[in-house]
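Read off the chains here:
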Amino acid sequence: MDPLLYLGGLVVLFLLWIKVKGLDYVIVHQRWIFVCLFLLPLSVIFDVYYYLRAWLIFKMCSAPKQHDQRVRNIQRQVREWRKEGGKTHMCTGRPGWLTVSLRVGKYKKTNKNIMINMMDILEVDTQRQVVRVEPLVNMGQITALLNSLGWTLPVLPELDDLTVGGLVMGTGIESSSHIYGLFQHICVAFELVLADGSLVRCTEEENSDLFHAVPWSCGTLGFLVAAEIKIVPARLWVRLQYEPIRGLENICRRFSEASEDKNNTFVEGLQYSLDEAVIMTGTMTDTAEPDKINRIGLHYKPWFFKHVERYLTENKKAVEYIPLRHYYHRHTRSIFWDMSSYSPPAHALVSLMHAHTHCY
């Protein structure tokens, strides 16, 4: 049979099945079909486009000039809202499908949407050891650029698509937070457009009350348009030690001990039942033992939480060397463990496409 006819027949049968079952049923109960055929290809195209765009803009040094224009545009929108009487609340005009959340933001339909198209890394200042970024810059962008320059963030939340704005206005935590605190604690300056349209910069010394009020404010104090964040020297590898622990008291005690030891750059625990967990401690290094290297971000590698579970099953300690960027985004491919809820056919495609877009 002609391959095209065969494919056409499958498409017809697929459409008939959707018609019989209903589109809602297919999306909810067989969502891997929708994910694999539509969402993943679109996600790859979207990620590749924005990665190339960010790289070109940074290399051409055009981000700061464009940034000033975008800030003025936000100020214009806010002042227009004031001229109209400020009858509704303001909110960002970012669509829900761009956020790392399942929540439907119905409030955006009734509030004044302020369009904030700000997704560029503006400056890397290695003398002051800060990076200045716009609010929609995500963790994937930051690691791709900073790691290539030999720098990194002290606290880098692991999912690629988490944005600076979300981590500042909400909160962010990572396996290095036992040393550096939350994401807000590595920020040294914020720039906001307030409700009167004015642009304000705040630091520990300048407008300090606003500086300390911005984190956890969920955007209620103003629109974040830039942030300056501390950076630290990066290394090529993370030396990661896995330690299976049983018994809830033992788990809590060992995790506390590991967190109190400031020689551990990274501390993480994955708990698989009430009294079974694996505690991981890591340090950055420029050298690795060749027979212990694990490039966990490659598409054919098991999802990180499944890989870690193996040490619990086998009840053994182990040491591995993971490339720094692979370690940072170790939970991205599986969205921690959420992707395990999809049907098996989705696993391979999800892993392959994430590998091509998140491990450049």
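Residues numbered from 1 in each chain as written. Predicted model: local features only at pLDDT ≥ 70, side-chain atom pairs only at ≥ 80, totals over all residues. Heavy atoms only, no water.

- Looking at an unreviewed UniProt entry, the protein carries the name Delta(24)-sterol reductase, with the source organism given as Oncorhynchus tshawytscha.
- Word for word, the UniProt comment on the protein under Cofactor (unreviewed entry) is "FAD".
- In its Function (unreviewed entry) section, the UniProt entry covering the protein states "Catalyzes the reduction of the delta-24 double bond of sterol intermediates during cholesterol biosynthesis. In addition to its cholesterol-synthesizing activity, can protect cells from oxidative stress by reducing caspase 3 activity during apoptosis induced by oxidative stress. Also protects against amyloid-beta peptide-induced apoptosis." (UniProt positions renumbered as here; feature names shortened; annotations may be inferred.)

## Some thoughts on the overall build of the protein
Here is step 1: A count of helical and extended segments in the protein gives twelve helices and 13 strands.
Here is step 2: For the protein, buried positions account for 45% of its 360 residues.
Here is step 3: For the protein, long-range pairs separated by at least 24 residues make up 69% of all intrachain contacts whose partners lie at least 6 apart in sequence.
Here is step 4: Summing over all exposed atoms, the protein offers an accessible surface of approximately 19,300 Å²; the carbon and sulfur share of this is 59%. (Helix = DSSP H or I, 4+ residues; strand = E, 2+ residues; numbered from the N terminus. Buried < 20%, exposed > 50% of the residue type's maximum accessible area, 1.4 Å probe, protein only. Contact = heavy atoms within 4.5 Å. Areas by Shrake-Rupley, 256 points an atom, 1.4 Å probe, with all protein chains shown as cover.)

## Quick look at unusual backbone geometry
Here is step 1: Phi angles above zero are rare outside glycine, and N207 is one such case at about 50°.
Here is step 2: In this structure, C218 is a non-glycine residue whose phi angle is positive, near 55°.
Here is step 3: Tracing the chain through its elements places C218 in the loop between α8 (208–213) and β8 (223–230).
Here is step 4: You can call C218 exposed: its relative accessible area is 62%.

## Things to note about the sheet that holds strand β10 (residues 237–246)
Here is step 1: Ordered by their spatial adjacency, four strands build an open sheet running β11-β12-β10-β13, and the pairing between neighbours is antiparallel. This sheet does not close on itself; its edge strands, each paired only once, are β11 (266–273) and β13 (318–323). Strand after strand, the sheet turns through a mean of 25° between neighbouring axes, direction not considered.
Here is step 2: Seen against the sheet, helix α10 (residues 304–314) touches β10, β11, β12 (276–285) and β13 and runs at an angle of roughly 50° to β10. (Pairing = 2+ DSSP bridges. Axes fitted to C-alpha atoms, helices over the stretch in contact; angles between N-to-C directions.)

## Side note on the pairing of β11
Here is step 1: As defined by bridge partners, β11 adjoins β12 across seven bridges and the pair is classed as antiparallel. Of the residues in β12, the one forming a bridge with S273 is E276.

## Digging into the pattern of salt bridges
Side-chain pairs of opposite charge can arise where the charged atoms are in close proximity.
Here is step 1: Taken as a whole and assessed by the stated rule, the structure comprises 22 salt bridges.
Here is step 2: Here E174 and R330 are joined by a salt bridge, their closest N and O atoms 3.3 Å apart. With a gap of 156 residues between them, E174 in the loop between α6 (164–169) and α7 (177–180) and R330 in the loop between α11 (324–328) and α12 (344–358) connect regions that are remote in the sequence. Each of the two residues, E174 as well as R330, counts as buried.
Here is step 3: Connected through salt bridges with shared partners, the residues D125, R128, R132, E191, R201, E206 and E228 form a single ionic network. (Salt bridge = Lys/Arg side-chain N within 4 Å of Asp/Glu carboxyl O.)

## Details of the environment of I251
Here is step 1: When you line up the elements, I251 lands in helix α9 (residues 248–260).
Here is step 2: Its relative accessible area of 6% is what places I251 among the buried residues.
Here is step 3: Distance in space between the C-alpha atoms of I251 and A277 is 6.8 Å, their sequence separation being 26 residues.

## A short note on the pairing of strand β3 (residues 121–125)
Here is step 1: With respect to burial, β3 is a largely interior element, four of its five residues being buried.
Here is step 2: Across four bridges, the pairing between β3 and strand β4 (residues 130–133) is antiparallel. The residue of β4 that forms the bridge with D125 is V130.
Here is step 3: Joining the antiparallel neighbours β3 and β4 is a turn of four residues, in which Q129 adopts a positive phi near 60°.

## Overview of the sheet that holds β3
Here is step 1: On the basis of which strands lie adjacent, the open sheet formed by five strands has the order β3-β4-β8-β6-β7 and antiparallel pairing. Edge positions in the sheet fall to β3 and β7 (199–203), since each has one partner strand and no second. Here the strands of the sheet are splayed against their neighbours by 15° on average, with no regard to which way each runs.
Here is step 2: Direction of pairing for strand β6 (residues 187–193) relative to β7: antiparallel, over a ladder of five bridges. Bridge assignment links E191 to a residue of β7, and that residue is R201.
Here is step 3: Its contacts with the sheet put helix α5 (residues 139–149) on β3 and β4, and the angle it makes with β3 is roughly 30°.

## Considerations on the nonpolar core
Here is step 1: Counting 51 residues, the largest nonpolar core has L153, V164, F183, F190, I229 and Y242 as its most contacted members.
Here is step 2: Ranked by the residues each element gives to this core, the list is headed by α10, at five residues.
Here is step 3: L153 has contacts with V131, M139, I142, L146, F183, I186, I229, K230, I231, V232 and Y328, leaving out every residue within four places of it along the chain. (Core = buried A, V, L, I, M, F, W, Y, C linked by side-chain atoms within 4.5 Å.)

## Points about the packing of aromatic side chains
Here is step 1: Scanning all chains against the criterion turns up six aromatic pairs.
Here is step 2: Summarising the aromatic geometry, the rings of W303 and F305 are spaced 6.5 Å apart at their centres and angled 25° between planes, so their arrangement reads as stacked.
Here is step 3: Of the residues examined, F305 reaches a relative accessible area of 10% and is grouped as buried.
Here is step 4: Considering the side-chain rings of Y327 and Y328, the 6.5 Å spacing of their centres and the 50° angle between planes classify their relative orientation as tilted. In this pair, the class of Y327 matches that of Y328, namely buried.
Here is step 5: Here the aromatic cluster, defined as three or more aromatic residues joined through ring pairs, consists of F266, Y327 and Y328.
Here is step 6: Here the guanidinium or amino end of R330 rests over the ring plane of Y327, the centre of that ring lying 4.1 Å away. (Phe/Tyr/Trp six-rings, centres within 6.5 Å; stacked < 30°, edge-to-face > 60°. Lys NZ or Arg CZ within 6 Å of the ring centre and 35° of its normal.)

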